[in-house]
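Architecture and fold: a report
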Amino acid sequence: RIKMLFDNYKLKNITLRNRIVMAPMTRNQSPGGVPTDEVVAYYSRRAKAEVGLIITEGIEVSHKASSAYPNVPRLDSNNAKEGWRKVVEGIKKNNGSVIAQLWHCGGFRKLGMQPNPDVPGYTASGLVKPGKKVAHEMTLNDIKETIDAYASDAKICEELGFDGVEIHGAHGYLIDNFFWSGTNIREDGYGGSLENRSQFVSEIIKAVRDNVSKDFIVGLRFSQWKQHDFEARLASNPEELKTILTSPVKSGLDYLHSSMRRFWESEFEGSDENLAYWTKKIAKIPTIGVGSVGLDSDFIDMTAPATPTSIDKAIDDISENKYDLIAVGRALLSDHEWVLKMKEGRVNDVIPYSKDALLNLY
């Protein structure tokens, strides 16, 4: 059964050598927004070790309020662009495929943060969580500027040689802040109904799609949970999920990346299926599942393949066509050869995840 994971998979105009995706993981190793040679080597190692598709760590879009963390890469300087060009070249040289994740941190930003310390966090309604209004409520002009930044950066990514872009719409960041009723209490066309709360990301997708070539891949990552609220829900049933996803998909998406905390858990009452299953069933486009793959809990160690939280369930799901690709985060962060070891049955050789792995670019 495990062979299914290592079959080729055609995603739009590219053929992936297997169905394993490197999940986007912030590394905070790009001073001044510029990926270093160590960053280049970090991605190259994983491409050489046969990761099917690499999705980069979040790249802050070129908007004054996008940043909330130190040493996160950007695209707003020639040095940053050159750094990313080297990353892409390193991956391609090792027969890999790569998608750039575009990220706006929204309400996670606070006054005083670099590179624009006088700029506050931007959110749909000034809320960073329900009832807590400490950020800037975006005007219609702010919304337009942000949409334009995504479109412009997507074009830059295409010019740098990326195979596509993934729009980060998960985990409480800006786009998710618009999605969620808990933080979006706007009374215009971007707030209120589920359809209206999906309008912001739909316009981003359309602007990106209009600004890149037809072969360039455009994806969206979304989640139910937020970093500050693991129980939060955008949709409480499949019908609501359909309402949320319909407009973004019609705007030109090539795939959806459904982020779950634990991919083996069911999403809706009355069904054993997870969010990735429902996403593919509803959207009918290629779907990536992600959420603690290869870990025995949210943040701890690797497990043997026999446990229900291991890669086994992903193999079952993909072989049954429940979704198409599986993204691996921390397990690949600690062991760049994780894919090869799985392919060769060397499970006992896998380097377990530990928090030390977060601190270094192995």
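Calculation criteria
- Residues numbered from 1 in each chain as written.
- Predicted model: local features only at pLDDT ≥ 70, side-chain atom pairs only at ≥ 80, totals over all residues.
- Heavy atoms only, no water.
- Buried < 20%, exposed > 50% of the residue type's maximum accessible area, 1.4 Å probe, protein only.
- Helix = DSSP H or I, 4+ residues; strand = E, 2+ residues; numbered from the N terminus.
- Pairing = 2+ DSSP bridges.
- Right-handed = clockwise from strand over helix to strand, strands pointing away.
- Core = buried A, V, L, I, M, F, W, Y, C linked by side-chain atoms within 4.5 Å.
- Contact = heavy atoms within 4.5 Å.
- Polar contact = N/O pair within 3.5 Å; in protein donor to acceptor, adjacent residues only side chain to side chain.
- Axes fitted to C-alpha atoms, helices over the stretch in contact; angles between N-to-C directions.
- Parallel < 35°, antiparallel > 145°, perpendicular 65-115°, else oblique.
- Left-handed = near helix turned anticlockwise from the far one by under 90°.
- Nonpolar A, V, L, I, M, F, W, Y, C, P; charged D, E, K, R; others polar.
- Expected span 1.5 Å × (residues − 1).

A word on the pairing of strand E4 (residues 53-60). In terms of burial, E4 is a largely internal element, 8 of the 8 residues being buried. Where strand E3 (residues 20-22) and E4 come together, 2 bridges link them in parallel fashion. The residue of E4 that forms the bridge with Met22 is Ile54. Judged from the 6 bridges that link them, E4 and strand E5 (residues 97-103) form a sheet pairing that is parallel. Bridging from a neighbouring strand, Glu60 pairs with Trp103 of E5. A crossover links E4 with its parallel partner E5, the connecting element being helix H2 (residues 78-93), and its sense is right-handed.

Turning to the nonpolar core, a few remarks are in order. Core analysis: the biggest nonpolar cluster contains 92 residues, and Ile167 and Trp338 have the highest contact counts within it. Top element by residues in this core is helix H3 (residues 140-160). It accounts for 8 residues. With sequence-adjacent residues up to four places away left out, Ile167 is seen in contact with Leu102, Tyr150, Ile175, Val201, Ile204, Ile205, Val208, Val218, Gly219, Leu220 and Arg221. Counting residues in each nonpolar core, the second largest holds 15 residues, with Leu11, Ile14, Val21 and Val290 among its members.

Turning our eyes to something else, we now look at the side chain of Asp254. Mapped onto the fold, Asp254 is located in the loop between helix H7 (238-250) and strand E12 (255-259). Under the relative-accessibility criterion, Asp254 is labelled buried at 16%. A polar contact of 3.2 Å, which involves the side chain of Asp254, links it to the side chain of Lys12. Apart from residues no more than four positions distant in its own chain, Asp254 is found in contact with Leu11, Lys12, Arg209, Phe216, Ile217, Val218, Ile285 and Pro286.

With that settled, the discussion passes to the packing of helix H1 (residues 37-48) against H2. Viewed as axis vectors pointing N to C, H1 and H2 meet at an angle of 20°, and their least axial separation amounts to 8 Å. For the element pair H1 / H2, the angle class is roughly parallel. The interaxial crossing formed by H1 with H2 has right-handed handedness. Packed against H1, whose contacting residues are Asp37, Val39, Val40, Tyr43, Ser44 and Ala47, the element H2 presents Gly83, Trp84, Lys86, Val87, Gly90 and Ile91 at the interface. For the contact of H1 with H2, the class distribution of residues is 7 nonpolar, 3 polar and 2 charged.

Let us look at the sheet that holds strand E14 (residues 325-328). Sheet architecture is closed into a barrel: 8 strands sit in the order E3-E4-E5-E10-E11-E12-E13-E14, paired in parallel fashion. For this sheet the average axis-to-axis angle between neighbouring strands, irrespective of direction, equals 25°. Pairing analysis gives 4 bridges linking E12 to strand E13 (residues 287-290), with the strands arranged parallel. Looking at E13, one finds that Ser259 is bridged to Val290.

With that settled, the discussion passes to the pairing of E14. On a regular strand, each side chain points to the face opposite its neighbour's, so the side chains alternate between the two faces of the sheet. Residues Leu325 and Ala327 of E14 are buried on one face, and the alternating residues Ile326 and Val328, pointing to the opposite face, are buried as well. Where E3 meets E14, 3 bridges bridge the pair, whose relative direction is parallel. Bridging from a neighbouring strand, Ile20 pairs with Ile326 of E14. Pairing between E13 and E14: 3 bridges, direction parallel. Directly across from Gly289, in E14, lies its bridge partner Ile326.

Now for H1. Counted at 1.5 Å a residue, the expected span for H1 with its 12 residues is 16 Å, and the 16 Å between its end C-alpha atoms agrees. Looking at the packing, one finds that the buried side of H1 touches E3, E4, H2 and helix H10 (330-334). Backbone geometry just after H1 places Glu50 at a positive phi near 75°.

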